[in-house]
Amino acid sequence: SGELYCSLLNPRNVRFESINMKNVLHWSAPEGTGNGVLYRVKYSVYGVGKWIRKPECRNINRTWCDLSSETSDYEEQYYASVKAFLNGMSSDWVETTRFNPLTDTKIDPPMVSVSSTDKSISIILTAPEKWKRNPKEESVSLLQVYPGLQYNVSVLNKKTKKRWFFSISNHTLVVPWLEPETAYCVSAQIHVTTPILDSGFSKEYCIATLKDKTK
Amino acid sequence: EEALPPAPQNISILSTNMKHILTWSPVIIQGETVRYSVEFQGEYERVYANESWIPISECSLITATLCNITEDISATVAYNLRVRADLGARRSEWGTLKGFFNRNTTSLTPPVMKVIADGYHLLVELEDMGPAFQFRVLYWKKGQERRMQQKVVKEVSSVVHLDTMEAGAEYCVKAQSYVEAINRSSSFSQTQCVRAQGDTSMWL
Amino acid sequence: TAGNKILHFGACRVSMSMAEIRAGFTAIKANIQARDSIRTLSILSYPHSLHKVNSSDRCCITHHLFNFYVDKVFKHCRTEDSYVNRKISSIANSFLSMKRKLGQCHEQNQCVCGQESTEKFKQILANYEELNVTSAAMKSLGELDILLDWME
C-alpha cells in the first residue's frame, strides 16, 4: 500500500487459546508500548501455507482475535500471525506455533443435573458442545469429537464427609441405597484417554435425599 | 602413562511394577572419586540407526552406582544398557548389561488395597502404581463365590465405588494390577471382607 | 491412565500404546515443529487428507505408514538436544513394536491393500521426496499428531 514503516518491537506471546474448540488468537502488546498500537492478523492452513488476512481483525487495538470460524475444521492444523503498527512504525509478523484444534483445545467440565428420591440420587451429565458459528447451527457434542470420552463422578456425603468416585462411559448414574434426609454433593470431570485431555471438575451440585416414605 | 579405570562390572536391572533401575558395582580407586555415565540402545537403534547409543543425561558423570532408566525404557522391545567409569580425563571401556532387557519381564505385585463398607455401599481404595497400571477388582457375596463380579478400575484417584450390598450381608474383594502395554497381570491381593449395615431380616 | 488402544482393522486387531506415543510426541512437538519452516507442504495431509481414506484401506495405509516412519523418518531426526533424542527413541521403538504387530496381520492377509491406499501412500512418498532427507524426516515427525489423530 506504499506506506513507509520503520521498525517497532514485536507483539509478544502470540498463541491460540482454545476452549471447546472456540479458538481465539491472543497476544501481548510490544514491550514498552502504551495505547495507540494497532494490529493486523492473518492465518494459514498447514500444508497449504497461503496466508489469509482476517478483515475483522485489521487495524484493531485489542489484543485478541477470534479465529474459531477459520479454524473450525479440526482435521486441519493452522498457524496465525500478528503485526503491530504505531506512529508510522511496524513490527515483524509474529507467528504462533502450529495449532491442532483436536489436541490443543481445553474442555469445559460437563453440565451436571441431580435429582433425588428418599434413598437414591440420579445424576445426568452433559458434555459441552463444540463451538459453533451461530446458535441456529446444528450442535456438535464433544462426545462426537472424542468417542473415547468418559466421566469421573465424585459423590460427597455431607454428613459423613466421605467421598466416592465413579468412572462411567454413559452419561447417567443412579446411586441407590442412600440415607434419607442426607445432603449429597456431586461434581464431575470429563476424561479423554487419547489424545490426553481432561476437563477440570465441575462445581459441586448438592441435593438432599427425601424423608423415608416407609417411616 | 596412567592406567585407565576398569569398566564397571555386575551390571544388572531391578525392575518392579514398571520401574526399572540399572545398578552396577562401584569401581574402587583409592583416594579418587569415580564418576559413571549410562547409555541405552533400543531395538530400533540397533536395527535401523547404525547401532547408535543414546546417553541418559540424568545419569551422566554421576557418583551413584544406580540409574533410574524407567523414562527411557518406554517401549516393549529389547534394550541394551551400558555404563562407563570416568576418573578425571581418563575413561574406562564400556561395561554392558549381559543380555537384553525388555520391560515385559518386570515383576508385578498386587496392589495395596483397602475395602470399605459405607452403609449399603461397597468401596475400594487402591494404591496409585503409576500411569501404566489398571486394576481388575473381583467381588462377591460371601458364600456365593460362583457369582463373582468384576470391575476394571483405571482411575485410582480415591475411594472407588464398586456396588451396593444387601443389608447385613458380608462381601469379599480381591484385586490384581494389570499393565496393558505389556499385557500382563500381577497375582491377586489378599481377600478382604466387610459387612453391610443393617440386619439380614430386612431382605426376608 | 494407560490409554492403550485396541485398533480394529477388519479382522486385524492390534493393541497399541497410543497414550505413551502421544505423551512422547507432546513433550517434543513444539521443538520438532519449530524446525520445520515449510508451511506450503504437508507430507501426510496433501493433497488428500488421511481422513478421506475409506475404511477398507485403513489397515494397509497404517501398515505402510508404520514402515515409512520406521524405515525413513526416525533415523534422520537426530538433534543436538539429548532430551529430544530420547523421546524420539521412545517413539521409534514403540513404532517398531507396533509395526511388527501390524506386519503379522499383513502376513495373515488381514490387511489388504486396495488401489486407494496404494495411491495415497505413493502421494506421501512423493511429498517426502520433494524435500531433502533431513527436512522431510523432521516434517514427517512433526506431523505425527496428524497420524495419531487419524488412527484414533
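Above this text is the structure in question.
Just so it is clear, the structure is predicted and the values come from calculations on it, not from any experiment. As a convention, each chain's residues are numbered from 1 in the sequence order in which they are written. The naming scheme follows written order: chains are lettered A onward, ligands numbered 1 onward. Local features in a predicted model are, by the rule used here, given only for residues with pLDDT of at least 70; side-chain atom pairs are given and counted only at 80 or more, and totals for whole chains, interfaces and linings are based on all residues. To get the side-chain values, all heavy atoms of the structure are used, and hydrogens and water are removed first.

### Examining the overall build of chain C
- From N to C terminus, chain C includes six helices and two strands.
- Helix and strand assignments come from DSSP, with helices taken as H or I runs of at least 4 residues and strands as E runs of at least 2, each series counted from the N terminus. Starting at the N terminus and walking to the C terminus, you meet the elements of chain C as β-β-α-α-α-α-α-α.
- Here the C-alpha coordinates of chain C stretch approximately 40 × 35 × 20 Å along the principal axes.
- Out of the 152 residues in chain C, the part that is buried amounts to 59%.
- Note on areas: Shrake-Rupley with a 1.4 Å probe; residue coverage comes only from the protein chains shown. Split by element, the accessible area of chain C, about 5,900 Å² in all, is 51% carbon and sulfur.
- Each charge sign in chain C was given a centre, from 19 positive and 15 negative side chains, and these centres are 4 Å apart. Residue burial is assigned from relative accessible area. The probe radius is 1.4 Å, only protein chains are included, and a residue is buried under 20% of its type maximum, exposed over 50%, and partly exposed in between. As used throughout, the charge tally considers Lys and Arg to be positive and Asp and Glu to be negative, leaving His and the chain termini uncounted. Taken as the charge location is NZ of Lys, CZ of Arg, CG of Asp or CD of Glu.

### Concerning the interface of chain A and chain C
- Each partner contributes residues to the interface: chain A has 21 residues there, and chain C has 25 residues.
- Throughout, the accessible surface (probe 1.4 Å) given up by two parts as they are put together, summed over both, is called the buried area. Both sides together, the interface formed by chain A and chain C hides about 1,900 Å², and carbon and sulfur atoms give 47% of it.
- Looking only at chain A, the three residues that lose the most surface to chain C are A:Tyr46, A:Arg98 and A:Thr194, adding up to 31% of its buried area.
- The working definition used for a salt bridge is a side-chain nitrogen of Lys or Arg within 4 Å of a carboxyl oxygen of Asp or Glu. On inspection of chain A and its partner chain C, the count reaches three salt bridges.
- Between C:Asp36 and A:Arg98 there is a salt bridge; the shortest N-O distance is 3.0 Å.
- Any N or O atom pair separated by 3.5 Å or less is treated as a polar contact, with the protein-specific requirement of one donor-capable and one acceptor-capable atom, and with residues adjacent in sequence counted only for side-chain atom pairs. For the pair chain A and chain C, the interface holds 13 residue pairs in polar contact (both at pLDDT 80 or more).
- The element contributing the most residues to the side of chain A that touches chain C is helix H1 (residues 101-104) of chain A, with three residues. By the convention used here, residues are in contact when the closest approach between their heavy atoms is within 4.5 Å.

### Re the environment of B:Pro55
- With respect to the element layout, B:Pro55 can be found in strand E4 (residues 54-55).
- Given the relative accessible area of 31%, B:Pro55 is considered partly exposed.
- For the pair B:Pro55 and B:Glu39, spaced 16 residues apart in sequence, the C-alpha separation works out to 4.2 Å.
- Excluding anything up to four places from it in sequence, B:Pro55 contacts B:Val38, B:Glu39, C:Ser82 and C:Arg86.

### Thoughts on the side chain of A:Lys130
Residue and element names in this part refer to chain A.
- Within the element layout of this structure, Lys130 appears in the loop between strand E11 (121-126) and helix H2 (142-145).
- Buried charge Lys130 goes without a salt bridge, the closest partner of opposite sign being Glu137 at 6.5 Å.
- Here Ser72 takes part through its backbone oxygen, which lies 3.3 Å from a polar atom of the side chain of Lys130.
- In this structure, Lys130 is in contact with Asn20, Met21, Ser72, Tyr74, Val140, Leu142 and Val145, ignoring residues within four places of it in sequence.

### Remarks on the sheet that holds strand E3 (residues 22-28) of chain A
Residues and elements named next belong to chain A.
- Reading across from one edge, E2-E3-E6 is the order of the three strands in this open sheet, with antiparallel pairing throughout. In the strand order of this sheet, the two ends are held by strand E2 (12-19) and strand E6 (64-66), each with one partner. Strand-to-strand twist across the sheet, computed as the mean angle between neighbouring axes with direction ignored, equals 20 degrees. Only strands that DSSP links by at least two bridges are regarded as paired with each other. Fitted lines through C-alpha atoms serve as axes, helices being fitted only where they are in contact, and the angles separating the N-to-C directions of these axes extend from 0 to 180 degrees.

### Here's the deal with helix H6 (residues 144-151) of chain C
- In terms of residue burial, H6(C) counts as a mostly covered element, since eight of its eight residues are buried.
- Three or more residues of H6(C) are buried, namely C:Leu144, C:Asp145, C:Ile146, C:Leu147, C:Leu148, C:Asp149, C:Trp150 and C:Met151.

### Here we look at the state of the cysteines
- Cysteine sulfur atoms are paired as a disulfide whenever they fall within 2.5 Å. Under the criterion given, the structure shown has five disulfides over all chains.
- A sulfur-sulfur distance of 2.1 Å marks the disulfide that ties A:Cys57 to A:Cys65. The sign of the S-S torsion, about 95 degrees, decides the handedness of the disulfide formed by A:Cys57 and A:Cys65: right-handed. A single burial state applies to A:Cys57 and to A:Cys65, both of which are buried.
- The disulfide partner of B:Cys59 is B:Cys67, and the S-S distance across this bridge is 2.1 Å. Taking the torsion about the sulfur-sulfur bond, which here is approximately 90 degrees, the covalent link between B:Cys59 and B:Cys67 counts as right-handed.
- Residue B:Cys59 is classed as buried on the basis of its relative accessible area, which comes to 5%.
- For B:Cys67, a relative accessible area of 1% puts it in the buried group.

### Concerning the interface of chain A and chain B
- Facing 12 residues of chain A, the contacting portion of chain B comprises 12 residues.
- For the pairing of chain A and chain B, the buried interface totals around 1,200 Å² over both sides, and the portion due to carbon and sulfur atoms is 63%.
- Counting the surface chain A buries against chain B, the share from its top three residues, A:Trp164, A:Phe165 and A:Trp177, is 58%.
- Inspection of the region where chain A meets chain B yields zero salt bridges.
- Our enumeration of links across chain A and chain B arrives at five residue pairs in polar contact (both at pLDDT 80 or more).
- Examining the composition of the side of chain A that touches chain B, we find that six residues originate from one element, strand E13 (residues 162-168) of chain A, more than from any other.
- Grouping the amino acids of the side of chain A that touches chain B by side-chain chemistry returns seven nonpolar, three polar and two charged. All amino acids are sorted into three groups, where Ala, Val, Leu, Ile, Met, Phe, Trp, Tyr, Cys and Pro are nonpolar, Asp, Glu, Lys and Arg are charged, and the leftover types, Gly among them, are polar.

Remember, this is a structural readout, not a statement about activity or role.
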